[in-house]
Structure formats: structure tokens, C-alpha cells
Amino acid sequence: MSNPRIAKTVNLIIAGIGGQGINSLAKVLAEFIISSGYHCQFTIHKGGAQSLGSVYAEFRISKDTLSVLGQGIPTGQLDSLIALEPWEALRHLPLAHSNTSLWVETKAMPFFIERSKQQAIESPQQQLNALPLTVHWKAYQEIAQQQSGTPKMANYYAGLDCLTSLSCAFVETSPPFERAVFDTLFFSLIKKAKRT
Amino acid sequence: MTDTHPTLFADGNDAIAWAAQDAGVDYVAHYPGSPVNRVINVLDAEKNQYNYLINHALNEHIAALSCMGASLCGARSLVVMKHVGLNIAADPLNYSAVCKIKGGMVIVVGTDPGARTSTGEEDVHWYAPQFNLPLLEPATVQGVYKCVKQAFSISEQLQLPVLVFVAGRIAYQSSLITRQPETHKKRPFVFKKDPENLINVGAKAVRNHRDHLLRLQTLHQQSQQLFSTHFNPQARIGIVTRGASYSVCYEVIESLGLSAQLHLLNIELSYPLNLADFMQFAQHKNKIIIAEDQDGFLETMIKREAFGKVSCEIQGKDIFPAWGELSSSLLSDYFSKIFNVTQPHNALSLKIDCPERAGSFCEGCPHRSSFYGIDAAIGDGIIGGDIGCSSLPPHRTDWLLCMNAGIGISQGIAHLLPDQALVSTGGEGSFFHGGLISLQSAVENNINLTHIIFDNRSVAMTGHQDSPTSSDKTDLGKLLEGIGVQTIFKVNAFISSELTEAIQTAAKIKGVKAIWVQGDCALQPNTEALRRFKERRLFIHNDLCAGCTLCYEKLQCPAIIKAVDKTLQIDLTRCRRCTACLDVCPNNAIEVIDPYVEPPNSEDR
């Protein structure tokens, strides 16, 4: 990004499939970014799928007041991608640049329709490893099962990597992104969801 | 409401609802549809606090007319629908402007360039000149809030409804917005007889039409600024844009460093075009480029109004496509080429092999076993498809087009080809939207047709808004009898063989047959579903399983998984205990067991 007026914009995508809590994580993350003293706008894309289809949230984050920014991340300007499913990581890589950071769930989720045809598709993990990018493989579902007792908490652990990613992207900028603030926001959302 | 509100995080749906509340809306009507599906959820949750009535209309035609009724009584009314809903509401909206409404009426329409949440990206802009109603198009979430509030004022000043189009990518975008609530006095609601404007026939119809067009012309005399300009006013090239395309244009111009070479005009009032504002912008320009998505509505309006008045070249759809969203890549490629500048990013241009992940039925969805039952009954026969959750996944029916396409197209085929194996399908939401009349039409015309109504007791696809069968107010069985359907089957959605048998029996009976398939949405479990979930555990006996894979490949339940050793297992973290798989298994290999008893031959089920 050569223009100094929008030089501090960091673009991040959280990707996964319906039912993994992408929507909830995006809402918490947005609140967290704002309460950490940054500016952000985000867009949720969940298509027509009530469940099990592709879902992603695009974030555009800045320390300074956001300039006028389009709703989509332009090609070549994706800075971080946190994916709860490897196919869904691959889907967004046409937006990547040479330093895009990737955090990707190790376990691929099947395509739930036309199951008999899936053998023809190459493994997403192989495709990701073959790319000229560093992939941080994370077993989010397994970690969630071990540490929180349910794989449904995978979005929380993916959220922690969003924090890591943001801290790296804004390394020269204060204030810091504090995990305690993220935890408070995330768990208050869970409490609220349980009540309703 | 007079409280001051803080700056809040909101998406376009919130902004629509909050603007209506802060503008003192009295009456709201809607038919649910993405991308503006959540507006009503926000409004419904706070209706007592803000004191407005809500009409959960059964289609957009009713929603529009009921708001006209409210605004004729002096109420401020809001009607919300998706773009294709405007087709349904078009008939009354053609007459809405001549009625001289007393309270402001705002029609919010969610548009969908890129067809992210719809079966098509129909461009409904052309309705604005057809209805001759003002059209506002916000470019940001804050802009949505501003435009909806402003639309109420314009509507009351001109005594006609005002359209506000909100593109999908703004409806689902979230950012901080500031609310500015106003104090509103309680309005007296009264319907005054007004035959001059409301009995619109003969010479009066022509006079009212003339009066309507004259009122519309006064819009531009008002002081409200409904456009903004950016960058260099002296530039020889001008870019004109509207709606969601504005911020994309703005960002691309900045990121390419072209702010000195370009002058940008964003038009919020897309119809009627303010020619004076445009002419001022067009002064000294050598070229004007209209950057907008879809068919080129703004370009057409500008060329129509400015014909013979500007000498510069005007381009638009000869550069940018009329399909899909106007992306930053398209704009960036074009501008970097004509200005010979390098794009500022370092894209990897990766070639990715990634199949589309279309939606599926959720675990425990009643439609999954219903379609299994339909396949078993008619094999390669025709399945007429409708809109809604029953169209997830999209390939299960033979067409996926519009509301009531299932029952409508099917009756044409059945009329022409009476021996063709065919069933039409649709949810109960779709049935009450217009399917009821379609089915009665089939009865009146003695067509041999079997129609399947998937009754999951909510409009699930758009966020579980109520349908008439959500409560006990409507008896679907009596209704079907009342319109002359003589053969009605009632089946359990989770027992696919019941549906198979009903279809096969219906095929032998002449006339219109209705199969009422009952099964609640898995995402809105009733008491019985919750009890099932607690008291049941499902288990596959691998010693009985013959590996036919009917449950895995044909039923395609996501909770049935293939283990490393290729045996089929049930993932209890996903299973909703609907037990649809029990009926599918020909070997009785799937069993319901006590949740507290360890499965017989497994350690990790």
C-alpha cells in the first residue's frame, strides 16, 4: 500500500462454515478492536446458507479514523486470514500478498452434499502447504475439545489468533490488544446466548 | 424518545431499524428477505419501547398496501422487503403516489448485486421511474441511517412514498454510527375521506397523475443536499457513482494516488436526477465515467436528462459489466491502465482449486428426510422447487427461481403432461405468500397435481420469523379443504417412508392432492425435540451395517461420518436425534439407545 493516507489499514478475514460461530466471533472481535482504541468496519458474508455453507467476515482495521473504504478487501491487500477450515482458507487466497499471515484449522470439513464425488478433489492441506506463504496450522477443534470440553469453542481459540495477528500487524502502534478484554467480551456473549 | 444515544456498532439492518425508530415510525410492515431480513427482528424486539405496530404481512403486496393505509391516516410507516419482493408490491406502488398520503411512507428495499443471498441479481432501479417515486441510495451504514430518516421528511413534504435501496454489502456491513433521535409529538391518526385522490378513475386519474409529476418536480427545490463531491473539482475526468459503488471508487482513487486527476460525484438521490447539480459537476469535464453496478440505471438517467446539454463523452456500461458487484479490482485495473499507474499492492495472483461449498440441510432438518422420501417415490420424475430452506442444497429440485415457482411451473407441466411423474414442493411460508391461490387455481382447472407443503412452522431461511402455522390461528388442513383440495395427506417429516407412500398413493388419484409434511425447524427446537435430544442417543451397529451408504450418500446427514476404517459412525456432537436415519437404513443397523448406556461394541461413539 503506497498511499500514506490509507497506509495503516490492516485487512483481516475470518473464514469457516455455517455453524462454527464466525458471526459471533466477528461481532466480539469488532467490539474488542474498538474498545482497544482502534477503528474498524466489517462485513459478514453468509450467503444463502443457513448452515454448513461458506461463511466469512472481512475486517478493515486502522489506528486512525478510517478513510472511506470499500466493503470488500481489494486483491493483494489481505494481511491476515484466520480460517476454521482449510478449504475456506484456500477460498480467500486470491486476495493474498506475499506477506499475508495464515492461521488455519488442520481438520478439513467434508462437503456435505454430493459426498460420493469428493475423492476427486486434492487435499486442501497439500494445496496450502505448496503455496509460497507461511501457514500456522492449528487444531482449533481439538484444542477446544481438550481445553474447553467442546469443539464448538474453536472460534474462541481462533479469536486468540486474531489477537496475535493484530498485535503483529500493529506492532509499532499502541495501545496493545489485551487478551483479558477479549475474554470478557467473548464470554459475556456466550452467557447472553445461553440466556436466550 | 429524547435520550441521547452513544455512537454504536451497527450493520445496515440495525441502521434501517434505528432510523425508523428515531424518525418516530408508527407502523411497520414487511415480508422477510435477505439482505434486509434482520430489520424486523430489531424492530420487533423494541416495539413496546418505541410504540409502533408491526404487520408481519404474508407477502409484499399486503405489506405495501397496509403501510399506505397507515400513512393515509397520518402515521409514519415503513415497509421492508428484498429486491424481488418489489415485483410483488409493484401493483399497489404504481398507485401510491396519487393518493396523497398524510404521514411519511418509506419503502426500504434490500438489493443484491452479486446475488449473494438471492436466486438472482435483478436490477429493481427501473421501478423508480415506473412508480415515479424518489429513490435514495445510501453509500455507508451511517448513510443508511441518514437516508431513511431523510426519506420520511421528503415523503411528508411531497405526500408520496420514498424508496430507499440498501445494497447487500451495506446491509451486512458493520461500523460505528451515531444516532440522532428526535422528539416526536404523538400524531393524531384519522382517515379522512378523500375521493378526489383515492377514487382514481377517468379524468381524475389523468389529473392526479399530472399532479403527482408536478409534486415530484418540486423535490429539487428543497435545500437538502443529496449528493457529495470529492477530490479535484478542476480535474478533466469526472467519476459519477451511487450506493455501495461509491466507497469502492473512493478507495481505489486514493490508493492509486489519482485524487488530483479525478473529480468524484456521489449521488444519493438516484431518481429523479438533479440535473442542475449534475451540470455543475460536468462543467469543464472532458470525460465522465459512470461507475455503478448492475444495468446502468444512473448512466441511463444522466444520458436521458443531459442529452444535448453536455458536450463531454459519457461512458459507463461500455467499460464496466452489467453483472456482479462493481469490485475494486475492476476499477483498479481500469484506472491504472488509462492513467498508466502501477497498482500499489503485491498480489500473489494464486491459482486456487477450491470447489464451491453450497449450503446443505442442517442436521435434524425436516427437509432432508422429506427429499429422501420424494426421491424414493418418483425416482427421476420432476420435482418442482421453491424458494427457502427447502432449496438448500440447491440441486435437490429441478428448478430454483422464485417464490411459488414450485406450484406454479409444476401445474403448467402437469396440465400439459398428465402422465409425467411430478410433484411440486414449497414451504408453508411460500404457500401463504401466494401458493394458496396457485393451488386453488389448479383445483379450479382440474389439474392432476400433487403438491407437498413442508411445514416447519417458521420462515426459517431469513431468521425464523413467524408463519401462519407458528401459532394455532390458522388450520392448514381446513384451509386446504376449503379451497377444494379433496385429498390431503398429513405425514411426519422425519419418517421418509410415510411421504414416499403418500406420493405413490396420490399418484393414483385424480385432481389436486396436498401432502402436508410436518416437522419443526431443527434450529428452533420445540419441547419434544429438546426432550428427544436429552433422552436419545443413536448408534450404528457395524456388524449389521451392510455398507449400502444410503444414510451417508443419499440421506447425506452431516452427523453420519465415515471413520478412518471406513465404517459409518454417528457424530453425536452434530446429531440432533431426529431419527430420520432409522427409517432409511434397510438393515436396521441404526438404533436409538439410552443416552447413559455405553454403546455395545464401541469405545468412542
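See the structure shown above.
Residues numbered from 1 in each chain as written. Chains lettered and ligands numbered in written order. Predicted model: local features only at pLDDT ≥ 70, side-chain atom pairs only at ≥ 80, totals over all residues. Heavy atoms only, no water.

Draft legend 1. Focus on the side chain of Asp183 of chain A. With respect to the secondary-structure elements, Asp183 of chain A resides in helix α6 (residues 179–195). Setting aside residues up to four positions removed in sequence, Asp183 of chain A forms contacts with Tyr156 and Leu160 of chain A. (Helix = DSSP H or I, 4+ residues; strand = E, 2+ residues; numbered from the N terminus. Contact = heavy atoms within 4.5 Å.)

Draft legend 2. The packing of helix α4 (residues 140–148) of chain A against helix α5 (residues 154–169) of chain A, seen in detail. All names here are of chain A. Closest axis-to-axis distance for the α4/α5 pair is 8 Å, and the angle between their directions is 110°. Judged by the angle between their axes, α4 and α5 are roughly perpendicular. Every pair of crossing elements has a handedness; the one defined by α4 and α5 is right-handed. In this structure, α4 contributes Tyr140, Gln141, Ile143, Ala144, Gln147 and Ser148 to the contact, and α5 contributes Ala154, Tyr157, Ala158 and Asp161. (Axes fitted to C-alpha atoms, helices over the stretch in contact; angles between N-to-C directions. Parallel < 35°, antiparallel > 145°, perpendicular 65-115°, else oblique. Left-handed = near helix turned anticlockwise from the far one by under 90°.)

Draft legend 3. Main features of the pattern of salt bridges. Summed over the entire model, instances satisfying the criterion amount to 30 salt bridges over all chains. For the salt bridge of Arg357 of chain B with Glu85 of chain A, the shortest nitrogen-to-oxygen distance reads 3.1 Å. With Arg357 of chain B in the loop between α14 (328–338) and α15 (366–378) and Glu85 of chain A in the loop between β4 (78–83) and α2 (86–90), the pair connects residues from two separate chains. In terms of burial, Arg357 of chain B and Glu85 of chain A fall into one category: buried. Salt bridges here are not isolated pairs; linked through shared partners, they connect Glu85, Glu88 and Arg91 of chain A together with Arg357 of chain B. (Salt bridge = Lys/Arg side-chain N within 4 Å of Asp/Glu carboxyl O. Buried < 20%, exposed > 50% of the residue type's maximum accessible area, 1.4 Å probe, protein only.)

Draft legend 4. Highlighting the sheet that holds strand β9 (residues 227–231) of chain B. Residues and elements named next belong to chain B. The strand order across the open sheet formed by five strands is β9-β11-β10-β13-β14, and the pairing between neighbours is mixed. Each of the sheet's edge strands pairs with one partner strand only, and the pair in question is β9 and β14 (313–315). Averaged over all adjacent pairs, the angle separating strand axes in this sheet is 20°, with direction ignored. Its contacts with the sheet place helix α11 (residues 245–255) against β9, β10 (237–241), β11 (262–267) and β13 (287–291), and it is angled at close to 165° to β11. (Pairing = 2+ DSSP bridges.)

Draft legend 5. Representation of the interface of chain A and chain B in the model. Contact with chain A, which involves 57 residues of that partner, is made by 55 residues of chain B. In total, about 5000 Å² of surface goes out of reach between chain A and chain B, with carbon and sulfur atoms giving 56% of it. Run the count over chain A and chain B and you get three salt bridges. Salt-bridge contacts for Arg60 of chain A lead to Glu251 of chain B; the nearest nitrogen and oxygen are separated by 2.6 Å. (Buried area = accessible area lost by both parts, 1.4 Å probe.)

Draft legend 6. Spatial organisation of the sheet that holds strand β16 (residues 422–427) of chain B. Residue and element names in this part refer to chain B. Across the sheet, which stays open at both edges, the five strands sit in the order β15-β16-β17-β19-β18 with parallel pairing between neighbours. Taken across any chain shown, the strands that pair with only one partner, and hence form the sheet edges, are β15 (382–384) and β18 (487–492). With direction set aside, neighbouring strand axes in the sheet form an average angle of 20°. The strands that helix α17 (residues 428–444) touches are β16, β17 (449–455) and β19 (512–518); relative to β17, the one it contacts most, it runs at about 165°. This element, helix α19 (residues 496–507), spans β16, β17, β18 and β19 of the sheet and lies at about 165° to β18.

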